[in-house]
Amino acid sequence: ITGRIEELEKPEPLTQNQQKFRKRMEDLMNWRRDIRSKRRVRISAISNQMESHLDKITDLKWIGPSVVVTDTIDIIPNPSAEPNLQIVTSSIYGDIKLWDLRAEPIKSERKHIQQFKTKDRFGRPASLDFGLSPYIKLYRRWKPFATLMSIYKSLPVLLTGIFTHTVPLKYVRATPKLSGVKEVLEDRIEYKAIFGDSGPLPLQLYIGNLFGEAAVA
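Now for a quick tour of the structure. (Residues numbered from 1 in each chain as written. Predicted model: local features only at pLDDT ≥ 70, side-chain atom pairs only at ≥ 80, totals over all residues. Heavy atoms only, no water.)

**Some remarks on the overall build of the protein chain**
Moving on, step 1. If you tally the helices and strands in the protein chain, you get three helices and 15 strands.
Moving on, step 2. Evaluated residue by residue, the protein chain yields a buried proportion of 27% over its 217 residues.
Moving on, step 3. Of the contacts formed within the protein chain by residues at least 6 apart in sequence, a portion of 69% connects residues at least 24 apart.
Moving on, step 4. Total accessible area on the protein chain stands at roughly 15,400 Å², and carbon and sulfur atoms take up 57% of it. (Helix = DSSP H or I, 4+ residues; strand = E, 2+ residues; numbered from the N terminus. Buried < 20%, exposed > 50% of the residue type's maximum accessible area, 1.4 Å probe, protein only. Contact = heavy atoms within 4.5 Å. Areas by Shrake-Rupley, 256 points an atom, 1.4 Å probe, with all protein chains shown as cover.)

**Focus: the sheet that holds strand β5 (residues 86–91)**
Moving on, step 1. An order of β2-β5-β6-β8 is seen for the four strands of this open sheet, with the pairing classed as antiparallel. Whereas interior strands pair on both sides, the edge strands pair on one side only; in this sheet they are β2 (57–62) and β8 (146–149). Direction aside, the axes of adjacent strands within the sheet are offset by 15° on average.
Moving on, step 2. Alignment of β2 against β5, held across five bridges, turns out to be antiparallel. Bridge pairing in β5 links Asp59 to Ser90. (Pairing = 2+ DSSP bridges. Axes fitted to C-alpha atoms, helices over the stretch in contact; angles between N-to-C directions.)

**Some details on unusual backbone geometry**
Moving on, step 1. Positive phi, close to 65°, is recorded for Ile73, a residue that is not glycine.
Moving on, step 2. As for its placement among the helices and strands, Ile73 is situated in the loop between β3 (67–69) and β4 (75–77).

**Comments concerning a nonpolar patch on the surface**
Moving on, step 1. Together, Leu54, Tyr93, Met149 and Ile151 line one region of the surface with nonpolar side chains, adding up to about 410 Å² of accessible area.
Moving on, step 2. Inspection of the secondary structure puts Met149 in strand β8. (Patch = residues over 30% accessible without salt bridge, like charges linked within 9 Å, V, L, I, M, F, W, Y side chains within 5 Å. Salt bridge = Lys/Arg side-chain N within 4 Å of Asp/Glu carboxyl O.)

**Comments concerning the sheet that holds strand β11 (residues 159–164)**
Moving on, step 1. Read across the sheet, three strands follow the order β11-β14-β15 without closing on themselves; strand pairing throughout is antiparallel. The outermost strands of the open sheet, each flanked by one partner alone, are β11 and β15 (214–216). For this sheet the average axis-to-axis angle between neighbouring strands, irrespective of direction, equals 20°.
Moving on, step 2. Two elements, strand β14 (residues 205–209) and β15, share three bridges in a ladder whose sense is antiparallel. Paired with Gly208 across the bridge in β15 is Ala214.

**With respect to helix α2 (residues 16–27)**
Moving on, step 1. Along its twelve residues, α2 runs 17 Å from first to last C-alpha, staying within 8% of the 16 Å computed at 1.5 Å per residue.
Moving on, step 2. Looking only at α2, the buried set comprises Gln19, Lys23, Glu26 and Asp27. Viewed along the axis of α2, the buried residues span an arc of 100°, placing them on a single side of the element. Turned more than 90 degrees off the buried face of α2, the exposed positions are Asn17, Phe21 and Arg24. (Expected span 1.5 Å × (residues − 1). Arc of directions from axis to C-beta.)

**Structural notes on the pattern of salt bridges**
Moving on, step 1. Scanning the entire structure with this criterion turns up four salt bridges.
Moving on, step 2. With its nearest N and O atoms 3.9 Å apart, the salt bridge here joins Asp55 to Lys56.
Moving on, step 3. Judged by relative accessible area, Asp55 falls into the partly exposed class, the value being 34%.
Moving on, step 4. Taking relative accessible area as the criterion, Lys56 reaches 61% and is therefore assigned exposed.
Moving on, step 5. Residues Lys61 and Asp59 are paired through a salt bridge, measuring 2.9 Å at the closest nitrogen-oxygen approach.
Moving on, step 6. On the basis of relative accessibility, which here comes to 26%, the residue Lys61 falls in the partly exposed class.
Moving on, step 7. Look at Asp59 and you get buried, because its relative accessible area is 16%.

Written out as structure tokens, the structure reads:
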């Protein structure tokens, strides 16, 4: 079947009526839909249990596209042209953890590699991996690259929230819209973010605790 699957992936010119008919037929067949189940979002990256927070997570924030937190906990302007994919979380236990979606998965929990097909698949047609998140390799194999602990008089501070300076982003639709075709909730529609110059941003984190106190880190 060499070349056969690649040939099927090529765009097929259809009239408007043919597009509407194909869309209607695919809506009637669950196995032909863009997603494998009726759930709107599927889980990909999950932190490893031994590396996770010890109590309830109270906040989760994206660091933002224009700054990066280093391994030494310094916040610097992002030196890369790619947007930053780091997030910061806090918990009621008083700890703050920093995560990076570009991190390498930990070497334990190897049984999940085969289950979620995270090994390299060179030469496979793209359609066989359609809908598979690039972050699935971090499923239960994700660990933070830094952890901070808030302590007052040897007791953990009960953190309730964190705040970072970010900029509003503009999103544009990446999936082309077919004329005359009605879309349904199960359709996969992709958007991409437009990153621009955000200007100077304060390189700080703001945290609050259960007792109404605020701090700057």
